[in-house]
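Geometric and topological summary
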Amino acid sequence: MRALLSLAIGSFGIGMTEFVAMGLLPNIAQDLLPELWAQNPDEAIGRAGILVSLYALGVVVGAPTIAALVARFPRHRVMIGLAIALTLGNGLAVVLPTFETVGLARFIAGLPHGAYFGIGALVAADVLGPGKRAKGVAFILTGLTIANVVGVPAGTFLGQQLGWRSAFLVVTSVFALATVCITLFVPEHAGDPGRTFRAELGVFRRPQVWFALATGAIGFGGFFAVYSYIAPVVTERAGAPQWMVPITLVVFGLGMTIGNLLGGYFGDRNLRLTLLIGLGAMAVVLVLLAVLSFSIWLLVPLSFVMALLSSILSPAIQTRLMEVAGDNQSIAAALNHSALNIGNSLGAFLGGLVIAWGWGYGAPSWIGAGLAVIGLGIGLASYAVQRRFHTETGSVRVFDQA
């Protein structure tokens, strides 16, 4: 248990570094883009959203590359190295002076993200045993969801009071603690010496892997289109005071924590229904947010439901990837975070685009609803193709709950 808690400290740090920037976008824009802020604050916030996209891009690039390169090495040593890299990458954001260099720091900080979660999920799944894979994934994700209850709101409040860099200093300290705990408490855990970089990349020859990646990347983009700009939605669209931003983030975090636990449970019972119903419900909630987010009293409960649904989907998507990846487990577990962060980057980019165009802070919710519907369509196509394949070949079904 100490080993899993040590890994969860690192996932707590990842939750903070990924999401705290979203609550501090106005502060970051004002500090790093002062001239644009003076002329057009909305455009400056939209431009600052690039920092969210750059972190996500780092995850997309780093997750499959690092996971494939390290698959043959002992996993406990890999986790120590990834925790050190996360510490250094986030430390750069504290000290680098310009928008461009902070953007580079965010990209670097994102590189180890997917491999950390992916390899950590394999360790957790092995510890918990057969039939509990989704629960193992959910356990590692618990640190991330708790970060959204405690770390992100606290970091946002701290950043509002003492400057946004103070929040990233806290993040850096969390990763330093995780490095120490992993070194002390995660026991030796063998890798797969027979796996090579080329062999791991063979996962991309599996069509169902592409279906699963697209489902996560596009479907999850709907969540990030809204969450990336939650601070100005609260203050500008709903007209609430700035202190409501951390409170809204706490509500988000509670929804994500509960949803993560439910996602592990439902994913082990019926993965297909968890994915498809979750995406459909996400689309409905995003439409409601687009229409009703002018009221803080409606925005907050709808945010809770949106966060809950997103965290039900996250372990389900990762479990689906691990199911369809065959022997390529290390890269499959990491690819989930590539998919979700493509969604992060896509949602943040499209949400920032419509804001910069002057369409208002309700527009990202419409973008998000559209992305969720597309993700649902891809998920339906994936299972339809899978059923047709089994019908035509007469092969035995190999996917649990498919």
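Residues numbered from 1 in each chain as written. Predicted model: local features only at pLDDT ≥ 70, side-chain atom pairs only at ≥ 80, totals over all residues. Heavy atoms only, no water.

Topic: the pattern of salt bridges
A side chain with one charge can pair with a side chain of the opposite charge if their charged atoms come near. Where we set the bar: When a carboxyl oxygen of Asp or Glu is within 4 Å of a side-chain nitrogen of Lys or Arg, the pair counts as a salt bridge. Each helix corresponds to a stretch of at least 4 residues labelled H or I by DSSP, and each strand to a stretch of at least 2 residues labelled E; elements are numbered beginning at the N terminus. Only protein chains enter the area calculation, which uses a 1.4 Å probe; residues under 20% of their type maximum are buried, those over 50% are exposed, and those in between are partly exposed.
The tally for this structure, following the rule as stated, stands at 1 salt bridge. Residue R47 pairs with E43 through a salt bridge whose shortest N-O separation is 3.6 Å. Placement of both R47 and E43 in helix α4 (residues 41-70) is noted, with a separation of 4 residues, approximately one turn of the helix. E43 sits in the partly exposed class, given a relative accessible area of 30%.

Quick word on the nonpolar core
To keep things clear, this is the line we draw: For the purposes of this section, nonpolar cores are sets of buried Ala, Val, Leu, Ile, Met, Phe, Trp, Tyr and Cys residues that join through side-chain atoms within 4.5 Å. Contacts: residue pairs with any heavy atoms within 4.5 Å of one another.
One finds L7, F19, F223, Y227 and M306 to be the most contacted residues of the largest nonpolar core, which totals 101 residues. For this core, the leading source of residues is helix α15 (residues 296-324), giving 12 residues. Those residues within four positions of M306 in sequence are excluded, and the remaining contacts are F223, V226, F252, M282, V285, L286 and L289. Membership of the second largest hydrophobic core comes to 16 residues, among which are A63, L321, A332 and A334.

A closer look at the packing of helix α11 (residues 207-227) against α15
Selection rule: Axis definition: a line fitted to C-alpha atoms, limited for helices to the stretch in contact. Angles are taken between N-to-C directions and run from 0 to 180 degrees. Orientation categories follow fixed angle ranges, with anything under 35 degrees roughly parallel, anything over 145 roughly antiparallel, 65 to 115 roughly perpendicular, and all other angles oblique. Helix crossings are classified by the rotation of the near helix relative to the far one: an anticlockwise turn of less than a right angle makes the crossing left-handed, while a clockwise turn makes it right-handed. Each residue is assigned to one class: nonpolar for Ala, Val, Leu, Ile, Met, Phe, Trp, Tyr, Cys and Pro, charged for Asp, Glu, Lys and Arg, and polar for all the others, Gly among them.
One can describe the packing of α11 onto α15 by two numbers: an axis separation of 10 Å at closest approach and a directional angle of 165°. Accordingly, the angle class assigned to the pair α11 and α15 is roughly antiparallel. The interaxial crossing formed by α11 with α15 has left-handed handedness. Contact residues: α11 offers Q208, V209, A212, L213, G216, F220, F223 and V226, while α15 offers M306, A307, S310, L313, S314, I317, R320, L321 and V324. Taken together, the residues of the contact of α11 with α15 sort by class into 12 nonpolar, 4 polar and 1 charged.

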